[in-house]
Amino acid sequence: MWRSFPSLFFAAGLALLAGCSSAPSYDSDSGVSGRGYRAEGTASYYGKAHHGKRTASGERFNQHALTAAHRTLPFGTRVKVTNLNNGRSVVVRINDRGPFGRGRIIDLSKAAAEQLNMLRSGTAPVRLEGL
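The model shown is predicted, which means the values in this text are computed figures rather than measured ones.

**Q** Before we go on, may I ask you to explain the pattern of salt bridges in this structure?
**A** Two side chains bearing opposite charge may form a pair once their charged atoms approach each other closely. Here the structure, examined in full by the defined rule, presents 3 salt bridges. Of the charged contacts in the structure, one is a salt bridge between E129 and R38, with a shortest N-O distance of 2.9 Å. On the criterion of sequence distance, the pair formed by E129 in strand 6 (residues 123-130) and R38 in strand 1 (residues 38-46) is long-range, its members being 91 residues apart. Under the relative-accessibility criterion, R38 is labelled exposed at 54%. Close ionic contact of E40 with R127 constitutes a salt bridge, the shortest N to O distance being 3.2 Å. Residue E40 is located in strand 1, and its partner R127 is located in strand 6; the two are separated by 87 residues in the primary sequence. Classification of R127 by relative accessible area gives partly exposed; the value is 25%.

Given below as structure tokens:
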């Protein structure tokens, strides 16, 4: 019995630590929410070539809507995207998967990129904040 005593304390300690950690907020559809998500990196945009095609969520891509593609955030997550070059921001809804370009963290619709004033450059350093 005394031999298992240290492992019992170890298990109890792990249980205590797990109870103290902050749990993610959950979304009823996907099980995870983007609320509290924060990241910085490079954004790009996609437009005319994909307009009307099906997104990973099943809806048709509309380059005029305020939507975006993200690798892991659940579909329907609203994200505030701020262009770090000029301070402009826009709120988009995640409805697709991507980006697939190296070093990119989000692909924006053309309308969202326009509001961030990044159409000419094609990319911009951004901050993402899940809402």
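**Q** Please explain the pairing of strand 3 (residues 78-83) as it appears in this structure.
**A** A regular strand carries its side chains on alternate faces of the sheet. Bridge count between strand 3 and strand 4 (residues 89-96): 5 bridges; the pairing is antiparallel. Considered in strand 4, the bridge of V81 is made with V90. Bridge count between strand 3 and strand 6: 5 bridges; the pairing is antiparallel. Looking across to strand 6, one finds that T82 is bridged to R127.

**Q** I tried to follow the sheet that holds strand 4 on my own but got confused; where do I start?
**A** The strands that make up a sheet pair up through hydrogen bonds in the backbone, lying either parallel or antiparallel. Sheet architecture is closed into a barrel: 6 strands sit in the order 1-5-2-4-3-6, paired in mixed fashion. Across the sheet, the mean angle separating the axes of adjacent strands is 45° when strand polarity is ignored. Relative to strand 4, strand 2 (residues 67-69) runs parallel, the two sharing 3 bridges. The residue of strand 4 that forms the bridge with A69 is D96.

**Q** Help me understand the side chain of S109, please; the structure alone is not making it clear to me.
**A** On the secondary structure map, S109 appears in strand 5 (residues 104-109). Under the relative-accessibility criterion, S109 is labelled buried at 0%. Ignoring any residue separated from it by four or fewer positions in sequence, one finds S109 in contact with Y45, Y46, F61, N62, Q63, A65, L66 and T67.

**Q** Hey, could you run me through the nonpolar core in this one?
**A** A general tendency of soluble globular proteins is for nonpolar side chains to be buried together. Membership of the largest hydrophobic core comes to 18 residues, with the highest contact counts inside it found for V81, V92, I106 and L108. Counting residues per element, the ones that place at least two in this core are strand 3, strand 4, strand 5, helix 2 (110-115) and strand 6. Beyond its immediate sequence surroundings of up to four residues, I106 is in contact with T42, A43, S44, A68, A69, V81, V92, I94, P99, V126 and L128.

About the criteria used
Residues numbered from 1 in each chain as written. Predicted model: local features only at pLDDT ≥ 70, side-chain atom pairs only at ≥ 80, totals over all residues. Heavy atoms only, no water. Salt bridge = Lys/Arg side-chain N within 4 Å of Asp/Glu carboxyl O. Helix = DSSP H or I, 4+ residues; strand = E, 2+ residues; numbered from the N terminus. Buried < 20%, exposed > 50% of the residue type's maximum accessible area, 1.4 Å probe, protein only. Pairing = 2+ DSSP bridges. Axes fitted to C-alpha atoms, helices over the stretch in contact; angles between N-to-C directions. Contact = heavy atoms within 4.5 Å. Core = buried A, V, L, I, M, F, W, Y, C linked by side-chain atoms within 4.5 Å.

Purely geometric numbers; function is a separate question.
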